[in-house]
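# Observations on chain architecture
So the chains spell out like this:
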Amino acid sequence: IVALNKLTGKTIWKANRDEVTSWATPLIVQHDGQTQVVVSGTHRVRSYDIKDGTVLWACGGQTVNAIPSPVSGLGMVYVASGYRGRAMYAIKLGHQGDLTGTKAIAWEVHRSTPYIPSLLLHQEKVYFFSANQARLSCYDAHDGKANYVGEPIKGLHGVYASPIAVGDRIYVTGRSGNTAIISPGPKLNVERVNRLGEDVDASPAIVGNELYIRGRTHLYCIAEEKTSTPAASTPGKAAPPAELTASVEINDLDGDGDLDVLVANGRHWGGPNRAYFNNGKGAFSQMIPFGTGKDRSYAARAIDYNGDGLVDIAVANDRQQSRVYLRNLRGNYAPGPAIGSATQNTRNLTIADLNGDKRPDILIANRRAANFIYYNSDKGDLVNGQVLGSGADSTIDIAIGDLNGDKKPDAVLANRDGQPNAIYLNAGGKKFGKAIAYGTGRDNTRSVALGDMNGDGHLDIIAANVGQPNRVFFNDGKGGFTKSTAFGEVQDPSYSVAVADMDQDGDMDIVIGNAGQRNAIYFNEFKGIKYRSLSFGEAASRTYCVGLGDLNGDEYPDIVTGNSGAHNFVYLNRGKAGKAGEALQRKLLAAMY
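Residues numbered from 1 in each chain as written. Predicted model: local features only at pLDDT ≥ 70, side-chain atom pairs only at ≥ 80, totals over all residues. Heavy atoms only, no water.

## Topic: the overall build of the protein chain
As a reminder of what qualifies: Going along the chain from the N terminus, every DSSP run of H or I of four or more residues is numbered as a helix, and every run of E of two or more is numbered as a strand. Classification of residues uses two cut-offs on accessible area relative to the type maximum, computed with a 1.4 Å probe and protein chains only: under 20% is buried, over 50% is exposed, and between them is partly exposed. In this analysis, two residues are considered to be in contact whenever any of their non-hydrogen atoms come within 4.5 Å of each other. Only the protein chains shown count as cover for residues, and all accessible areas are computed by the Shrake-Rupley method using a 1.4 Å probe.
The secondary structure content of the protein chain amounts to zero helices and 52 strands. Across its three principal axes, the protein chain shows a C-alpha extent of roughly 80 × 65 × 55 Å. Split into buried and exposed, the 593 residues of the protein chain put 52% on the buried side. Partitioning the contacts of the protein chain with sequence separation of at least 6, the portion at a separation of at least 24 is 41%. When the accessible surface of the protein chain is split by element, carbon and sulfur atoms take 48% of a total near 26,300 Å².

Written out as structure tokens, the structure is:
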């Protein structure tokens, strides 16, 4: 930690710290005539004399990677952390030395503490979030008595921004840009939720009677504006709500010959899953929900599980029971067999016949845990799975296809958290070979797709990466992928990839869904090594998934985007109306909207 002269920049004092890194902002506190600098860090919070950097006191108990900044008031300092543990301490000022476990600790909490957002001390109460979730806790600032703990705020989901307050209002902004206005007090009272329409991670700031919010692409100033006439209402049907969509799949769900859309919502927070049924013209005449209505779903895939000719739905949930929902003759979906255990950190689900028995099997991708294959059998039992991979992969997506020409489906895994991406060749007899790495070995790959990008008859791998270029890995015909080419920008936040011949020129093009940046179509200009890009959508939308298929029967693939904290959209490809593949007509994904 370094103290600088604000006029000259000269170093006044410097003190070494044990922490490799620190995220919390230093807090300047005056107590009993002494000014001190309080800094929270991994495992310990310390107070330094502002004059020379001498450590006045320290207190252990913090978790690693402490991000929330300390706050002070009522003769105390309040510190919290919530990564790989839970810790929050109210520390009395006026003591010196090591305060760990001493009477200087007025009170402490070890549940539902924040990971990124800082605490709010307001009207003698301490407010904080649980991890990065929109679940608020309120404690008495004097004695630590809990008023409420981990109460959900409807209309908000993930939260990075710290809560702020002025007078009798607390402002809480979620990552989707929605801001909840809360009345201070012993019970959670959300007065209203305002929607900005742009992702927000930064903490808002109050200056006078103005509220400043920095979104991903704009800075907003919100202030009271008096008007003599009320805002006009929009006639017609209201827009559908924004949702936390994790996946979309395009498939013929009702057997009428046109393509419908499956939407999986919720992720960590829970939400309703939906099936939209196409009227054959790219509009959706009916929506049928499936699941419990509050599933933490990451994927929903079409599957005729029981071979009755009706298309069922397999749903992958995060730390909640994944399940097959069986379609009946009335067109509704009833709960069917459970898939695996309810404790898996599931991130995706893939359907494929892996053992050649002409029955669709289910692959579950789990982050920081084993991936499982659940083979379809007469028993109808999907509880006991077979491990695919190392048993400790951090898999986000799995693509299936014959990579080495032996007519057996192989598996391509996209891994996160510093793990290498892997290929597993199908050896037959429900066995897969050893992992074959592709990529750099440290890619942050969020999505993979397979397609013949150079026209040589072999399936290539297309990887969507975060913070590094997306890449095409070319198949040598034997399942080897030593040659590759990059596409897109170096720092693209790409979450999803799909391939199709978007301009109907005879080769495969690439569609990328980006989070906090406009999505893109990459038109294949020469054998998969040269691309021309076209941006579409809005930068404010966090697109978690893209689906491709001809929704209106004009032979041009259309695009469906699944967005987080925003509306989902259909982009109809008007290739016949303009330059092939480049005239996109956008409309909301909704029933008869």
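## Structural notes on the sheet that holds strand β46 (residues 509-514)
Threshold: The pairing criterion is simple: DSSP has to find at least two bridges between the two strands. What counts as an axis is a line fitted to C-alpha atoms, over the stretch in contact for a helix, and the angles between N-to-C directions run from 0 to 180 degrees.
Here four strands make up an open sheet; going across it, the order is β45-β46-β47-β48 and the pairing antiparallel. In this open sheet, the two strands that pair with only one neighbour each are β45 (494-500) and β48 (530-536). Averaged over all pairs of adjacent strands, the angle between their axes in this sheet comes to 20 degrees, without regard to strand direction. Bridge count for β45 against β46 is six bridges, and the pairing is antiparallel. By the bridge assignment, Ala-498 is partnered in β46 with Val-511.

## Section: the pairing of β48
Pairing analysis gives seven bridges linking strand β47 (residues 519-526) to β48, with the strands arranged antiparallel. From the neighbouring strand, Asn-519 faces β48, where its bridge partner is Phe-536. Here β47 folds back onto β48, and the loop between the two strands holds three residues, one of which, Lys-527, carries a positive phi near 50 degrees.

## So, the sheet that holds strand β44 (residues 483-487)
Ordered in space as β41-β42-β43-β44, the four strands form an open sheet in which the pairing is antiparallel. The two strands at the open ends of the sheet, each matched to only one other strand, are β41 (445-451) and β44. This sheet shows a mean twist of 20 degrees between the axes of neighbouring strands, independent of strand direction. One ladder, built from five bridges, connects strand β43 (residues 470-474) with β44; its direction is antiparallel. The residue bridging Asn-470 from the neighbouring strand is Phe-487, located in β44.

## A short note on the environment of Ser-40
Relative to the helices and strands, Ser-40 is located in strand β4 (residues 34-40). Exposure remark for Ser-40: the relative accessible area of 1% places this residue in the buried category. Spatially, the C-alpha atom of Ser-40 lies 9.6 Å from that of Ala-58, the residues being 18 residues apart in sequence. Excluding its chain neighbours within four sequence positions, the residues that come into contact with Ser-40 are Arg-17, Ser-22, Ala-24, Val-45, Gln-62, Ala-66, Pro-68 and Pro-70.

## Topic: the confidence of the model for the protein chain
The cut-off we apply is this: pLDDT gives the predictor's per-residue confidence on a scale running from 0 to 100.
Put simply, the protein chain has an average pLDDT of 90, and 95% of its residues get 70 or more. Here residues 226-237 is a poorly scored stretch, pLDDT under 50, and it has three contacts once near neighbours within four places are set aside; other chains count.

## Re unusual backbone geometry
A positive phi is found at Leu-74, a non-glycine position, where the angle reads about 60 degrees. Counting through the fold element by element, Leu-74 comes out in the loop between β7 (71-73) and β8 (76-81).

## A closer look at the packing of aromatic side chains
Filter applied, for reference: Here the aromatic set is Phe, Tyr and Trp, taking the six-membered ring for Trp, and pairing holds for ring centres within 6.5 Å; pairs whose planes are under 30 degrees apart are stacked, those over 60 apart are edge-to-face, and all others are tilted. Two thresholds decide whether a charge sits over a ring: the Lys NZ or Arg CZ must be within 6 Å of the ring centre and within 35 degrees of the ring normal.
On inspection of all chains with the given rule, the structure shows 15 aromatic pairs. Geometrically, the ring pair formed by Phe-128 and Tyr-139 is stacked, given 5.5 Å between the ring centres and 10 degrees between the ring planes. With a gap of 11 residues between them, Phe-128 in strand β13 (residues 125-130) and Tyr-139 in strand β14 (residues 133-140) connect regions that are remote in the sequence. Here Tyr-495 and Tyr-544 contribute two aromatic rings whose centre-to-centre distance is 5.0 Å and whose plane-to-plane angle is 70 degrees, an arrangement assigned as edge-to-face. Taken together, the positions of Tyr-495 in strand β45 and Tyr-544 in strand β49 (residues 542-549) put the pair 49 residues apart, joining distant regions of the chain. We classify Tyr-495 as buried; its relative accessible area is 13%. Tyr-544 sits in the buried class, given a relative accessible area of 15%. Feature note: the residues Tyr-78, Trp-107, Phe-128 and Tyr-139 constitute an aromatic cluster, connected by ring pairs. The ring of Tyr-298 is capped by Arg-347, whose NZ or CZ atom sits 4.7 Å from the centre of that ring.

## Quick notes on the domain arrangement of the protein chain
Worth spelling out the cut-off: Boundaries between domains were set according to an automatic or database domain assignment. We define buried area as the total accessible area lost by two parts upon association, computed with a 1.4 Å probe and summed across both. Salt bridges are counted wherever a side-chain nitrogen of Lys or Arg sits within 4 Å of a carboxyl oxygen of Asp or Glu. In protein, a polar contact requires one atom able to donate a hydrogen and another able to accept it; more generally it is a pair of N or O atoms within 3.5 Å, and residues adjacent in sequence count only if both atoms are side-chain atoms. In the scheme used here, Gly and all other residues not listed as nonpolar or charged are polar, with Ala, Val, Leu, Ile, Met, Phe, Trp, Tyr, Cys and Pro taken as nonpolar and Asp, Glu, Lys and Arg as charged.
For the protein chain, the assigned domains read domain 1 (2-223) and domain 2 (394-591). The centre of domain 1, based on its C-alpha atoms, is set 41 Å off from the matching centre of domain 2. Counting residues at the interface gives seven residues for domain 1, matched by six residues for domain 2. Buried area between domain 1 and domain 2, summed over both chains or domains, comes out near 510 Å², and the portion from carbon and sulfur atoms is 50%. Where domain 1 meets domain 2, there are one salt bridge. On the surface where domain 1 and domain 2 come into contact, there are zero residue pairs in polar contact (both at pLDDT 80 or more). Here the residues of the side of domain 1 that touches domain 2 are counted per class, giving no nonpolar, three polar and four charged.

## Regarding the pattern of salt bridges
The full count for this structure, using the stated rule, is 18 salt bridges. Note that Arg-216 is salt-bridged to Asp-201, the shortest N-O span being 3.2 Å. Placement of Arg-216 in the loop between β21 (210-214) and β22 (219-223) and of Asp-201 in the loop between β19 (189-195) and β20 (205-207) is noted, with a sequence separation of 15 residues between them. Residue Arg-216 is classed as partly exposed on the basis of its relative accessible area, which comes to 36%. Its relative accessible area of 25% is what places Asp-201 among the partly exposed residues. For the salt bridge of Asp-406 with Lys-408, the shortest nitrogen-to-oxygen distance reads 3.5 Å. On the basis of relative accessibility, which here comes to 29%, the residue Lys-408 falls in the partly exposed class. Via salt bridges that share partners, Arg-175, Asp-199, Asp-201, Arg-216 and Arg-542 belong to a single interconnected network.

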